[in-house]
Amino acid sequence: MNRITIALSKGRIFSETLPLLQAAGIRPLEDPESSRRLIIGTSRPDVSIIIVRASDVPTYVRYGAADLGVAGKDVLHEQGAEGVYQPLDLAIARCRMMVAVPADFDYASAVRQGARLRVATKYLKTAREHFAAKGVHVDLIKLYGSMELAPLVGLADAIVDLVSTGSTLRANNLIAVEDIMPVSARLIVNQAALKLKGAAIQPLIDAFAGAVQAEEAHAAD
Ligand code: PRT
Ligand code: MG
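Worth saying up front: this structure is predicted, and the values here are computed from it rather than measured.

Caption draft 1: Layout of the sheet that holds strand β1 (residues 4-8). Taken together, the 6 strands give an open sheet; going across it, the order is β2-β3-β1-β4-β11-β5, and neighbouring strands pair in mixed fashion. The two strands at the open ends of the sheet, each matched to only one other strand, are β2 (39-41) and β5 (84-89). Here the strands of the sheet are splayed against their neighbours by 30° on average, with no regard to which way each runs. Taken strand by strand, helix α1 (residues 12-23) contacts β1, β3 (47-51), β4 (68-72) and β11 (185-190), and its axis lies near 145° from that of β1. Taken strand by strand, helix α8 (residues 198-220) contacts β1, β4, β5 and β11, and its axis lies near 30° from that of β5.

Encoded structure:
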């Protein structure tokens, strides 16, 4: 029997992947929010789930420590997706990658004047590409979280971060001034595993694809 390992992160990726797993007949035997276990069994004896940081999912899949994983496009774009196959946009954990500034900062005129902007972000590559394409000069400051704080305490003029409801921006008196890209979670698959264990993996991909399509049809009416 081929054993299949799926890498997921806790929180929104795990909870929004649950219905897709269910469509493939997979039910986790534990809840990662309450369990400290990092390897979780499922209702299918051949399938287990490993719980890793969101930004570590591509690493586990690239090296084959997991056969499949679910990772945000933000993470995949930032790290590159070498060695992993991306068969499916799961259309979950949706948000937008945006540039945001304090509500009283005149971003457009700073850009027009060719000012050099300090931008705090955890997405250095994405931010560098975005501003280079626009011809905006930036000094990038790498942060690991809570980017919204940086402009409030004078660490940066602007941030590049994910926005979903917009309430974090509003709560911190920031406004989005540029939309970099839409983000959703993707299914990623180790290329060698797909060749060696395709008979076990392909039906999972198909079940996920069916569930995504059913959800989209449901959302359309
Ligand atoms: O939290 P941790 O440091 O462990 O890692 P992580 O933040 O990368 O993981 P997690 O679970 O928070 O996010 C996993 C994935 O969910 C991300 O890689 C995205 O692809 C996706 N996603 C979707 C989001 C959001 N929506 C989102 N809103 N990830 C983060 N946010 C944050 C955002 O950074 C901002 O601070 O939520 C805040 C804004 O939310 P709103 O609703 O106030 O706009
Ligand atoms: Mg987070």
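Caption draft 2: Region of interest: the packing of aromatic side chains. Scanning the model with the defined rule gives 0 aromatic pairs in all. Over the ring of Tyr144 we find Lys142; its NZ or CZ atom is 4.8 Å from the centre of that ring.

Caption draft 3: Quick look at the sheet that holds strand β10 (residues 174-183). In spatial order, the strands read β8-β7-β9-β6-β10; together these 5 strands make up an open sheet with mixed pairing. Taken across any chain shown, the strands that pair with only one partner, and hence form the sheet edges, are β8 (138-142) and β10. Ignoring which end each strand starts from, the neighbouring axes of this sheet average 30° apart. As judged from the 5 bridges shared by strand β6 (residues 95-102) and strand β9 (residues 158-163), these two strands associate in the antiparallel manner. Bridge pairing in β9 places Arg96 opposite Val163.

Caption draft 4: Inspection of a nonpolar patch on the surface at higher detail. A surface patch of nonpolar side chains, amounting to about 350 Å² of accessible area, comprises Leu149, Leu152, Val153 and Leu155. Relative to the helices and strands, Leu152 is located in the loop between β8 and β9.

Caption draft 5: Local environment of the site of ligand 1. By nearness alone, 22 residues border ligand 1, and Asp74, Glu148, Thr165, Gly166 and Thr168 come closest of all. Asp74 places a polar side-chain atom, nitrogen or oxygen, 2.7 Å from an oxygen atom of ligand 1. Within the backbone of Ser164, an N or O atom sits 2.8 Å from an oxygen atom of ligand 1. For the shell around ligand 1, the secondary structure elements donating two or more residues are α1, α3 (73-79), β9 and α6 (167-171). Considering each element in turn, the shell around ligand 1 owes the most residues, 3 residues, to β9. Here the residues of the shell around ligand 1 sort into 8 nonpolar, 6 polar and 8 charged. Per-domain counts for the shell around ligand 1 show at least three residues from each of domain 1 (4-93 + 184-220) and domain 2 (95-181).

Caption draft 6: Highlighting the domain arrangement of the protein. Under the domain assignment used here, the protein contains domain 1 (4-93 + 184-220) and domain 2 (95-181). If you average the C-alpha positions of domain 1 and of domain 2, the two centres end up 30 Å apart. Contacts between the two partners involve 5 residues from domain 1 and, on the opposite side, 10 residues from domain 2. Counting the surface lost from both domain 1 and domain 2, the interface buries some 700 Å², and carbon and sulfur atoms represent 46% of this. When the buried surface of domain 1 facing domain 2 is broken down by residue, Asp74, His77 and Glu78 rank first, second and third, together holding 76% of it. Across the contact surface, domain 1 and domain 2 share 0 salt bridges. Our count for the domain 1 to domain 2 interface comes out at 7 residue pairs in polar contact (both at pLDDT 80 or more). Its residues placed into classes, the side of domain 1 that touches domain 2 shows 1 nonpolar, 1 polar and 3 charged.

Caption draft 7: Structural detail: the pattern of salt bridges. All chains considered together, the criterion is met by 8 salt bridges. Between Arg96 and Asp179 there is a salt bridge, with its nearest N and O atoms 2.6 Å apart. Of the two residues, Arg96 sits in strand β6 while Asp179 sits in strand β10, which places them 83 residues apart along the sequence. The exposure class of Arg96 is partly exposed, given its relative accessible area of 35%. A salt bridge links Lys125 to Glu129, with the nearest nitrogen and oxygen atoms 3.6 Å apart. Linking Lys125 with Glu129, this pair stays in helix α5 (residues 124-134), spanning 4 residues, or about one helical turn. When its relative accessible area of 31% is taken as the criterion, Lys125 is described as partly exposed.

Cut-off values and rules
Residues numbered from 1 in each chain as written. Chains lettered and ligands numbered in written order. Predicted model: local features only at pLDDT ≥ 70, side-chain atom pairs only at ≥ 80, totals over all residues. Heavy atoms only, no water. Pairing = 2+ DSSP bridges. Helix = DSSP H or I, 4+ residues; strand = E, 2+ residues; numbered from the N terminus. Axes fitted to C-alpha atoms, helices over the stretch in contact; angles between N-to-C directions. Contact = heavy atoms within 4.5 Å. Phe/Tyr/Trp six-rings, centres within 6.5 Å; stacked < 30°, edge-to-face > 60°. Lys NZ or Arg CZ within 6 Å of the ring centre and 35° of its normal. Patch = residues over 30% accessible without salt bridge, like charges linked within 9 Å, V, L, I, M, F, W, Y side chains within 5 Å. Areas by Shrake-Rupley, 256 points an atom, 1.4 Å probe, with all protein chains shown as cover. Salt bridge = Lys/Arg side-chain N within 4 Å of Asp/Glu carboxyl O. Near = heavy atom within 4 Å. Polar contact = N/O pair within 3.5 Å; in protein donor to acceptor, adjacent residues only side chain to side chain. Nonpolar A, V, L, I, M, F, W, Y, C, P; charged D, E, K, R; others polar. Domains from an automatic or database assignment. Buried area = accessible area lost by both parts, 1.4 Å probe. Buried < 20%, exposed > 50% of the residue type's maximum accessible area, 1.4 Å probe, protein only.

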